[in-house]
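Chain by chain, the residues:
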Amino acid sequence: MSTTKTDDAAQHGLAEHSHGGPVVPQASRGERFRSYDVEAFEVPGGREEDWRFTPLKRLKGLHDGSATATGNLKIEVTGEATVETVGRDDARIGKGGVPADRVAAQAWSAFTEATVVTVPKETKLAGPVTVTIDGPGADQVAFGHLQIHAEQFAEAVVVIDYRGSGTIGDNVEFVVADGAQLRVVSIHDFADDATQVSSEHATLGRDSVFRHFAVTLGGDLVRVNTTVNYADKGGDAELLGIYFADAGQHLEHRMLVDHSVANCRSNVLYKGALQGNSAHSVWIGDVLIQAAAEGTDTYELNRNLVLTEGARADSVPNLEIETGEIEGAGHASATGRFDDEQLFYLQARGIPQDQARRLVVRGFFGELLQKINVPEVRERLEAEIEEELAVVGA
């Protein structure tokens, strides 16, 4: 790697590849540049490591500032939590994290009102809180900001349900205080024309538990960046995900679990299926164990099942370790087609091929779907996956 820096790269702590490629972080992922100012970020050109898998032309201007708000997100919250609509000057905004790319900073700079959902301290909610977010409509652009805050020793399940059409840039904050337990199911189920670039920022307090389940089914292009930071010892994060890409869809999930304090845990497991020409999924999993994070226990895994010709899955797990005093760390990914032995086993017992293929996919996702502890949401997602399989008769 060249040690020569451009002026802009030097400003952001970046260095150029020796082969003339994009600028990349000079040090660890934990030191990547962050800012609330959109102009502090260069416009992505597509060769940068953070953007090389993303078809920039399909972002509809979210990445270069040409997309300006022409509409609004419609947000409806049901459940027992406290719900507030606040201005940009509210002191709670930003507690979850700081934007780490230009689109997140653009969304931060452009929103006018934020929705704050608070679970009061020492409160265990009897039922789930549902946050329904409708897009601004076809050919419209909207930016949004949502914060979910579980106060000390609170326990809650929150379902975030994205729907509708349009182009959306948003930031979502999850603030999990000391001893709190927050379980989130985030469903991206847009209409076929929708584009979304979403950044999720989670901060975990001492001995807190954060369970995040991402489901991405709809939309033309959906890119979700999830970052987990630990504010104190004993934090426990689990990031699970399911995605199903059809012909022409681009579904991208990027995450960074930044272990910066001692004795914390993380587990990441995402599974994806792809079918149809030009169906494309991207999964980038970054786990950083900093020098101070002794006693860390972490593992990440991504698995992809390619159902038809013409589909492509990119999977890049990254593990960066700066201390040897850890409990355990590992990562893996696998991408493949149907297991012929599984199909043969089922067909040998009189099950037709089409039904056998469906059973294999159901089993592939079933391990994760059973972890969704909201029955109506789990049943809905099972039905939608069945609909996906019916598209090409899988």
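Residues numbered from 1 in each chain as written. Predicted model: local features only at pLDDT ≥ 70, side-chain atom pairs only at ≥ 80, totals over all residues. Heavy atoms only, no water.

Participant: Could you clarify how one ought to interpret the overall build of the protein in this entry?
Facilitator: Helix and strand counts for the protein come out as 5 helices and 20 strands. Going through the 394 residues of the protein one by one, you find that 56% of them count as buried. Pairs at least 24 apart in sequence give 84% of the contacts found in the protein among residues at least 6 apart. Counting only carbon and sulfur atoms, one obtains 45% of the accessible surface of the protein, whose full area is about 16200 Å². (Helix = DSSP H or I, 4+ residues; strand = E, 2+ residues; numbered from the N terminus. Buried < 20%, exposed > 50% of the residue type's maximum accessible area, 1.4 Å probe, protein only. Contact = heavy atoms within 4.5 Å. Areas by Shrake-Rupley, 256 points an atom, 1.4 Å probe, with all protein chains shown as cover.)

Participant: Where do I start with the confidence of the model for the protein in this structure?
Facilitator: In regions of low pLDDT, the predicted coordinates are not meant to be interpreted in detail. For the protein, mean pLDDT is 90; residues scoring 70 or higher make up 89% of the total. Ignoring residues within four places in sequence, the model shows residues 1-26, a span with pLDDT below 50, making 40 contacts including any to other chains. (pLDDT = per-residue confidence, 0-100.)

Participant: Would you explain the pattern of salt bridges in this entry?
Facilitator: Oppositely charged side chains are able to pair whenever their charged atoms sit close together. Following the criterion strictly, the structure yields 19 salt bridges and no others. Here Glu 252 and Arg 223 are joined by a salt bridge, their closest N and O atoms 3.3 Å apart. Here Arg 223 lies in strand β13 (residues 221-230) and Glu 252 lies in strand β15 (residues 250-259), a separation of 29 residues in the sequence. The buried category is assigned to Glu 252, whose relative accessible area is 0%. Assessed through its relative accessible area of 1%, Arg 223 is described here as buried. Between Arg 254 and Glu 252 there is a salt bridge, with its nearest N and O atoms 2.7 Å apart. An identical accessibility class is assigned to Arg 254 and Glu 252; each is buried. The structure contains a network of salt bridges with shared partners spanning Asp 161, Arg 163, Asp 189, Arg 380 and Glu 384. (Salt bridge = Lys/Arg side-chain N within 4 Å of Asp/Glu carboxyl O.)

Participant: I tried to follow the sheet that holds strand β10 (residues 181-188) on my own but got confused; where do I start?
Facilitator: To summarise the sheet geometry, strands pair through backbone hydrogen bonds and adopt either a parallel or an antiparallel arrangement. Pairing within the open sheet is mixed, and its 9 strands lie in the order β3-β6-β8-β10-β12-β14-β16-β18-β20. The sheet terminates laterally at β3 (74-78) and β20 (328-336), the two strands that pair on one side only. Direction aside, the axes of adjacent strands within the sheet are offset by 10 degrees on average. (Pairing = 2+ DSSP bridges. Axes fitted to C-alpha atoms, helices over the stretch in contact; angles between N-to-C directions.)

Participant: Would you take a moment to explain the nonpolar core for this structure?
Facilitator: Across soluble globular proteins, nonpolar side chains have a tendency to be buried as a group. In terms of nonpolar packing, the biggest core is built from 51 residues, with Ile 160, Phe 174, Leu 182, Phe 210 and Val 228 touching the most fellow members. Setting aside anything within four residues of it in sequence, one finds Val 228 in contact with Ala 202, Leu 204, Phe 210, Ala 237, Leu 239, Leu 256, Val 257 and Asp 258. (Core = buried A, V, L, I, M, F, W, Y, C linked by side-chain atoms within 4.5 Å.)

Participant: Looking at this structure, how should I read empty space enclosed by the protein?
Facilitator: Any empty space left between atoms is shown by rolling a water-sized probe over those atoms. This model, assessed by the stated rule, comprises 2 cavities of 30 Å³ or more. Looking at the second largest cavity, its volume works out to about 40 Å³. Lining the second largest cavity are Leu 73, Ile 75, Ile 133, Gly 144, His 145, Leu 146, Asp 170, Asn 171 and Val 172. Breaking the lining of the second largest cavity down by element, the ones donating at least two residues are β7 (141-150) and β9 (167-176). Looking at side-chain class alone, the lining of the second largest cavity contains 5 nonpolar, 3 polar and 1 charged residues. (1 Å grid on protein atoms, 1.4 Å probe; cavity = no way out; pocket = protein on both sides within 12 Å on 5 of 7 lines; lining within 4 Å. Points joined across faces, edges and corners; volume = space filled by probe spheres on them. Nonpolar A, V, L, I, M, F, W, Y, C, P; charged D, E, K, R; others polar.)

Participant: Help me understand the pairing of strand β11 (residues 195-204) in this model?
Facilitator: Looking along a regular strand, one sees side chains alternate from face to face of the sheet. Of all 10 residues in β11, 10 are buried, a share of seventy percent or more. Neither face of β11 is left uncovered, since the one carrying Thr 195, Val 197, Ser 199, His 201 and Thr 203 and the one carrying Gln 196, Ser 198, Glu 200, Ala 202 and Leu 204 both have all their residues buried. Of the pairings in the sheet, the one linking β9 to β11 comprises 10 bridges and is parallel in character. Bridging from a neighbouring strand, Val 175 pairs with Thr 203 of β11. For β11 and β13, the ladder comprises 10 bridges, and the chain directions are parallel. The residue of β13 that forms the bridge with Ser 198 is Val 224.

Participant: Where do I start with the side chain of His 63 in this structure?
Facilitator: Turning to its location among the elements, His 63 is positioned in the loop between β2 (23-25) and β3. With relative accessibility at 9%, the residue His 63 sits in the buried group. Filtering out sequence-adjacent residues up to four positions away, His 63 remains in contact with Val 43, Pro 44, Leu 56, Arg 102 and Val 103.

Participant: Is there a simple way to explain the pairing of strand β14 (residues 236-245) in this structure?
Facilitator: Across the 10 residues that make up β14, a large majority, 10, are buried. Pairing geometry for strand β12 (residues 209-216) and β14, over 8 bridges, is parallel. Paired with Phe 213 across the strands is Leu 240, a residue of β14. Sheet topology places β14 next to strand β16 (residues 265-274); 10 bridges connect them, and they run parallel. Its bridge partner lying in β16, Leu 239 is registered against Val 268.

Participant: So what exactly am I meant to see when it comes to unusual backbone geometry here?
Facilitator: As a rule of thumb, non-glycine residues mostly have phi less than zero, and peptide bonds are mostly trans rather than cis. Notably, Asp 139 is not glycine yet its phi reads approximately 65 degrees, a positive angle. Looking at the element boundaries, Asp 139 is found in the loop between β6 (129-134) and β7. For Asp 139, a relative accessible area of 76% gives the class exposed.

Participant: Explain the packing of aromatic side chains here, please?
Facilitator: In this description, an aromatic ring pair is defined by two values, namely the gap between the centres and the angle between the planes. Under the definition given, this model contains 8 aromatic pairs. Relative to Phe 41, the ring of Phe 33 has its centre 5.2 Å away and its plane inclined at 70 degrees; by these criteria the two rings are edge-to-face. For Phe 33, a relative accessible area of 25% corresponds to the partly exposed category. You can call Phe 41 buried: its relative accessible area is 10%. Where Phe 174 meets Phe 210, the ring centres are 5.4 Å apart and the plane angle is 40 degrees; that geometry is what we call tilted. Placement of Phe 174 in strand β9 and of Phe 210 in strand β12 is noted, with a sequence separation of 36 residues between them. (Phe/Tyr/Trp six-rings, centres within 6.5 Å; stacked < 30°, edge-to-face > 60°.)

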